[in-house]
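Reading the structure
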Amino acid sequence: MSSVCFIADGMLGSLARKLRIFGFDTLYYNDVEDFKLIEIGEQQERILLTCDKILIQRAMNAGISSVLLDGSGDVDDMIHILRNYKINFVEFLPENSRCPICNNILDRCDKNSINKLIPEKIFNIHERFYLCKQCNKVYWEGSHLKKLREFGLFVKRGLNDTS
Ligand SMILES: [Zn+2]
């Protein structure tokens, strides 16, 4: 997995969740002042992601790495970030995912250990479950996976398209 990690500004919630799901360590706050984002980026050597030109200028002045996104869509933004840092795209793999809510690494868990945390219907039809030990949320390989794999394919296609 790539060692780069990110901090996304308050406008990029959807992108931040996707980055986490695809395994990138990404901090995201929707209620934090610009100076704090820069401070955390600096302390933790995180790349700042934003659509805000003023914030980019401040980040550059503070000497932290940053990417100005145009916010036209998560696919384009993701391609832009990966290209910028020459990161090879990684396939979507649940075992590499981070919790979209809190950014913690997910652990594959025994289904019988989490039976009280999920609806019985879900428990009965799925076999693979992943637990976030930080926020206690359980994930399973449901229908949203198809959408994520599609998202991954669009990004991959975009990365390969050099025209
Ligand atoms: Zn979590």
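Higher on the page you've got the structure.
Residue positions are counted from 1 within each chain, in the order its sequence is given. The model is predicted, so local features are restricted to residues of pLDDT at least 70 and side-chain atom pairs to those at 80 or more, both for listing and for counting; the totals for chains, interfaces and linings are taken over all residues.

**Regarding the overall build of the protein chain**
Helix numbers and strand numbers start at the N terminus; a helix is a DSSP run of H or I with at least 4 residues, a strand a run of E with at least 2. The helix and strand tally for the protein chain stands at six helices and seven strands. Counting from the amino terminus, helix and strand elements in the protein chain follow one another as β-α-β-α-β-α-β-α-β-α-β-β-α. In the protein chain, buried positions account for 29% of the 163 residues. C-beta atoms are first placed from the backbone for all residues, and any pair lying within 7 Å is then listed as a contact. Intrachain contacts of the protein chain at a sequence separation of at least 6 include 49% that bridge at least 24 residues. Comment: burial labels come from other C-beta atoms within 10 Å of the residue's own C-beta, placed from the backbone, where a count of 20 or more is buried, 12 or fewer is exposed, and between is partly exposed.

**Examining the sheet that holds strand β2 (residues 25-28)**
Strand order in the open sheet formed by four strands is β2-β1-β3-β4, and the pairing between neighbours is parallel. The sheet is open, and its two edges are formed by β2 and β4 (66-68), each paired on a single side. Between one strand axis and the next, the sheet turns through 25 degrees on average, direction left out of account. Sheet topology note: the strand β1 (residues 5-8)/strand β3 (residues 47-50) ladder contains three bridges and is parallel. Across the sheet, the residue bridging to Ile7 is Leu48, located in β3. Here helix α1 (residues 13-21) sits on the sheet in contact with β1 and β2, set at roughly 155 degrees to β2. At least two DSSP bridges between two strands are needed for those strands to be called paired. The axes are straight lines fitted to the C-alpha atoms, using for helices just the contacting stretch, and the angles between their N-to-C directions are given from 0 to 180°.

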